[in-house]
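Here's the letter readout for the chains.
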Amino acid sequence: SQQGEEDPQALSIQEGENATMNCSYKTSINNLQWYRQNSGRGLVHLILIRSNEREKHSGRLRVTLDTSKKSSSLLITASRAADTASYFCATSNTDKLIFGTGTRLQVFP
Amino acid sequence: GAVVSQHPSWVICKSGTSVKIECRSLDFQATTMFWYRQFPKQSLMLMATSNEGSKATYEQGVEKDKFLINHASLTLSTLTVTSAHPEDSSFYICSARDIRGGTLEKLFFGSGTQLSVL
């Protein structure tokens, strides 16, 4: 399967703490994207990092990419209760976007 | 930003009936639309890639006779679940690629359809 794997599967933290999620994938990629999904809803695109980039920031989000290890991490700093959601990495190398297994984040107020 | 409208957002049907789900790109043209399926607390699994004016490409293990995909225009793709059974109950999500985008960087998602087959 091309599907990437994420860890942890679930993460519970207190508001104000940082949350780190990791994604590993199997094939070469053009880019890697991170999405957020609230329960029973569609996906919201968070950030995209290209294969020739190593780190990217967007607000409270920081994404790293290590193509030699075929892995990426998403860091959410100063988390808020509203960050509670599932987070998925997604990779593309040809004409498909393949999603990772996801991390369910719970942020307690 | 670009909007993809998916309809209906939820549907309940009897076993053996067919259900059609629509995916429309509202303010852009989409050469390619993707259909995903998601079981509770699991990831999105790509079912098929739908290209305007041609037959859809199905992923391994997805029955093309059961999940009929039509992409008749640059703004509309439909997924029909034929002779639905309880095991087809799932969350179905479409996404559309902007015709102006050469890669999958311009991919927009619908809000999903929750299908429950009784």
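Remember, it's a predicted structure, so these values are computed and weren't measured experimentally.

Rules and cut-offs
- Residues numbered from 1 in each chain as written.
- Chains lettered and ligands numbered in written order.
- Predicted model: local features only at pLDDT ≥ 70, side-chain atom pairs only at ≥ 80, totals over all residues.
- Heavy atoms only, no water.
- Contact = heavy atoms within 4.5 Å.
- Buried area = accessible area lost by both parts, 1.4 Å probe.
- Salt bridge = Lys/Arg side-chain N within 4 Å of Asp/Glu carboxyl O.
- Polar contact = N/O pair within 3.5 Å; in protein donor to acceptor, adjacent residues only side chain to side chain.
- Nonpolar A, V, L, I, M, F, W, Y, C, P; charged D, E, K, R; others polar.
- Helix = DSSP H or I, 4+ residues; strand = E, 2+ residues; numbered from the N terminus.
- Buried < 20%, exposed > 50% of the residue type's maximum accessible area, 1.4 Å probe, protein only.
- Pairing = 2+ DSSP bridges.
- Axes fitted to C-alpha atoms, helices over the stretch in contact; angles between N-to-C directions.
- Phe/Tyr/Trp six-rings, centres within 6.5 Å; stacked < 30°, edge-to-face > 60°.

Asks: Go over the interface of chain B and chain A, please, and point to the residues and values.
Replies: Taken together, the 19 residues of chain B in the interface contact 22 residues of chain A. Between chain B and chain A, roughly 1,600 Å² of surface is buried when both sides are summed, and carbon and sulfur atoms account for 54% of that area. Our count for the chain B to chain A interface comes out at one salt bridge. Note that Lys96 of chain A is salt-bridged to Glu59 of chain B, the shortest N-O span being 3.0 Å. Across the chain B-chain A interface, the total number found is five residue pairs in polar contact (both at pLDDT 80 or more). Taken together, the residues that form the side of chain B that touches chain A break down as 10 nonpolar, five polar and four charged.

Asks: Tell me what's going on with the pattern of salt bridges, and back it up with residues and numbers.
Replies: Residue and element names in this part refer to chain B. For the structure on display, the rule yields six salt bridges over all chains. For Lys66, the salt bridge goes to Asp88, with nearest N and O atoms at 2.9 Å. On the criterion of sequence distance, the pair formed by Lys66 in the loop between strand E6 (57–58) and strand E7 (67–73) and Asp88 in the loop between strand E8 (76–81) and strand E9 (90–98) is long-range, its members being 22 residues apart. With respect to class, Lys66 is no different from Asp88; both count as buried.

Asks: Before we move on, can you summarise the sheet that holds strand E8 (residues 71–76) of chain A with the specific residues and values?
Replies: Residue and element names in this part refer to chain A. The strand order E1-E3-E8-E7-E6 describes an open sheet built from five strands, whose pairing is antiparallel. Of all strands in the sheet, those with a lone pairing partner are strand E1 (5–7) and strand E6 (55–58), marking the two edges. This sheet shows a mean twist of 15° between the axes of neighbouring strands, independent of strand direction.

Asks: An account of the packing of aromatic side chains is needed here, citing residue identities and associated values.
Replies: To describe a pair of aromatic rings, one takes the distance between the centres and the angle between the planes. Residue and element names in this part refer to chain B. Enumeration according to the criterion identifies eight aromatic pairs over all chains in this entry. Ring geometry for Tyr36 against Phe109: centres 6.1 Å apart, planes inclined by 40°, an arrangement best described as tilted. Remark: Phe109 occurs in strand E10 (residues 107–109) and Tyr36 occurs in strand E4 (residues 30–38); sequence separation between them is 73 residues. Judged by its relative accessible area of 10%, Phe109 falls in the buried class.

Asks: Please set out the environment of Val11 of chain B residue by residue, giving values where relevant.
Replies: Residue and element names in this part refer to chain B. By the secondary structure assignment, Val11 is in strand E2 (residues 10–13). Of the residues examined, Val11 reaches a relative accessible area of 16% and is grouped as buried. C-alpha of Val11 to C-alpha of Val117: the two residues are 106 residues apart in sequence and 8.4 Å apart in space. When sequence neighbours within four positions are dropped, the list of residues in contact with Val11 reads Val19, Thr113, Gln114, Leu115 and Ser116.

Asks: An account of the side chain of Ser77 of chain B is requested, with residue identities and associated values reported.
Replies: All names here are of chain B. Summarising the element assignment, Ser77 is placed in strand E8. Polar contacts involving the side chain of Ser77 include one to the side chain of Trp35, which spans 3.0 Å. There is a polar contact of 3.4 Å between the side chain of Ser77 and the backbone oxygen of Asn70. Residues contacting Ser77, with those up to four places away along its chain left out, are Ile21, Glu22, Cys23, Met33, Trp35, Ser50, Ile69, Asn70 and His71.

Asks: Tell me about the pairing of strand E5 (residues 43–50) of chain A, and name the residues and values.
Replies: Remember that side chains alternate between the two faces of the sheet whenever the strand is regular. All names here are of chain A. As defined by bridge partners, strand E4 (residues 31–37) adjoins E5 across seven bridges and the pair is classed as antiparallel. Of the residues in E5, the one forming a bridge with Asn31 is Arg50. Connecting the antiparallel pair E4 and E5 is a turn made up of five residues, with Gly40 showing a positive phi of about 70°.

Asks: For the environment of Lys26 of chain A, give the residues involved together with the corresponding values.
Replies: Residue and element names in this part refer to chain A. Considering the arrangement of structural elements, one finds Lys26 in the loop between strand E3 (19–24) and E4. Residue classification places Lys26 among the partly exposed positions, given a relative accessible area of 48%. The sequence separation of Lys26 and Glu15 amounts to 11 residues, and the corresponding C-alpha distance is 33 Å.

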